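Here is what each chain is made of, one letter per residue.
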Amino acid sequence: MTKAQQSLRMEDEQKNVGPVLNRQNTSRRFSQIARRVSMTIRQHGKQSLMDLTPIHITQNAPKYENTYRLKPNEVRSFKSYKVSKIIREILDKNLEGCKYEELDVKYTSMKIVDSMKISIKNLNMDRYKIITYVSITKADDQSIKATSGFLWNNETDDFASVSFQNNSIIAVATAFGVYLD
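What counts and how
Residues numbered from 1 in each chain as written. Predicted model: local features only at pLDDT ≥ 70, side-chain atom pairs only at ≥ 80, totals over all residues. Heavy atoms only, no water. Pairing = 2+ DSSP bridges. Helix = DSSP H or I, 4+ residues; strand = E, 2+ residues; numbered from the N terminus. Axes fitted to C-alpha atoms, helices over the stretch in contact; angles between N-to-C directions. Buried < 20%, exposed > 50% of the residue type's maximum accessible area, 1.4 Å probe, protein only. Left-handed = near helix turned anticlockwise from the far one by under 90°. Contact = heavy atoms within 4.5 Å. Nonpolar A, V, L, I, M, F, W, Y, C, P; charged D, E, K, R; others polar. Polar contact = N/O pair within 3.5 Å; in protein donor to acceptor, adjacent residues only side chain to side chain. 1 Å grid on protein atoms, 1.4 Å probe; cavity = no way out; pocket = protein on both sides within 12 Å on 5 of 7 lines; lining within 4 Å. Points joined across faces, edges and corners; volume = space filled by probe spheres on them.

Attention now moves to the sheet that holds strand E3 (residues 169-179). Read across the sheet, 3 strands follow the order E1-E3-E2 without closing on themselves; strand pairing throughout is antiparallel. With partners counted over all chains shown, the strands left at the sheet margins are strand E1 (128-138) and strand E2 (158-165), one partner each. Across the sheet, the mean angle separating the axes of adjacent strands is 10° when strand polarity is ignored. Pairing of E1 with E3 involves 11 bridges; the strand directions are antiparallel.

Here's what the structure looks like:
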C-alpha cells in the first residue's frame, strides 16, 4: 500500500467512515466466510446445515401503487368465518391421530403455519398482511392462557382462532388479517 493510500485510509478511519474497501479486503472477507461454512460442514455434516434452514416458503410480495384507499373492497376483505374453516381443515388433517412428541412439535407447528399462510393467501384478500400463529402443547390436565395485542383498526382488521384437542395434544391456531392502507 502506498503512502497516499495509507493517508486516505487513516483520514476515513478518523472520520468514523470506516476503511476504504478494495478488492483485496472484499475477497479476504468472502474467503473467511467460506472457511467458516466448510468447518461447520466438517464438524456437523451437511445434514445439520439442512436442519437449520427454515421451512418457510418465501414469495415475492406484490407491489402496489398508491390508491389512497382507506377501506378494503368488501368482496376481498378478511372474512373470519372463511379463515376459521381453512384453519380447522388444516388442523384436522395434520393433527388427527397424532401423539405429542417433544422433538416433532416444532416442525409440525412450522408446517401448519406455512400451510395456513398459503391457504389464506389463496383467498385473494387484497392488501392484507396475514400473520399466523400456532401453539401446540401436551394435554396433561393443565390450563393455557394466551393473549396477543395489536394496534389495529377495528373496522378493517380481523382475526380467526381455532382450537384442536385429542387425547395427547392441545393446539391453538390463530390468523390475523391486518389491512395495509
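Before going further, it helps to examine the pairing of E2. Pairing of E2 with E3, which is carried by 8 bridges, proceeds in the antiparallel orientation. When the sheet's bridge partners are listed, alanine 160 is paired in E3 with alanine 175. Hairpin connection between E2 and E3: a loop of 3 residues separates the two successive antiparallel strands.

Most peptide bonds take the trans configuration, and most residues that are not glycine carry a negative phi. Phi angles above zero are rare outside glycine, and asparagine 124 is one such case at about 55°. You can see asparagine 124 is positioned in the loop between helix H5 (102-121) and E1. Residue classification places asparagine 124 among the partly exposed positions, given a relative accessible area of 48%. Its identity is not glycine, yet aspartate 141 carries a phi of approximately 50°, on the positive side. Among the structural elements, aspartate 141 can be located in the loop between E1 and E2. Aspartate 141 gets classed as exposed once you look at its relative accessible area, which sits at 88%.

Between helix H4 (residues 80-95) and H5, the least distance of the axes is 10 Å, while the angle of their chain directions is 145°. Here H4 runs over H5; the crossing is right-handed. Between H4 and H5, the contacting residues are Val83, Ile86, Ile87, Ile90, Leu91, Asn94 and Leu95 on the first element and Thr108, Lys111, Ile112, Ser115, Met116, Ser119 and Ile120 on the second. Counted by class, the contact of H4 with H5 contains 9 nonpolar, 4 polar and 1 charged residues.

Following the sequence through the fold, serine 77 ends up in the loop between helix H3 (46-52) and H4. Polar contacts involving the side chain of serine 77 include one to the side chain of lysine 79, which spans 3.1 Å.

Attention now moves to the layout of surface pockets. In this model, the second largest pocket occupies a volume close to 300 Å³. In terms of lining, the second largest pocket is formed by 15 residues, of which the most central are Tyr133, Ala146, Thr147, Val172 and Thr174. Going through the elements one at a time, E1, E2 and E3 are the ones with two or more residues in the lining of the second largest pocket. Broken down by element, the residue count for the lining of the second largest pocket peaks at 5 residues, all from E3. When grouped by side-chain class, the residues that make up the lining of the second largest pocket number 8 nonpolar, 6 polar and 1 charged.

Fair warning: the whole summary comes from geometry, so function is off the table for now.
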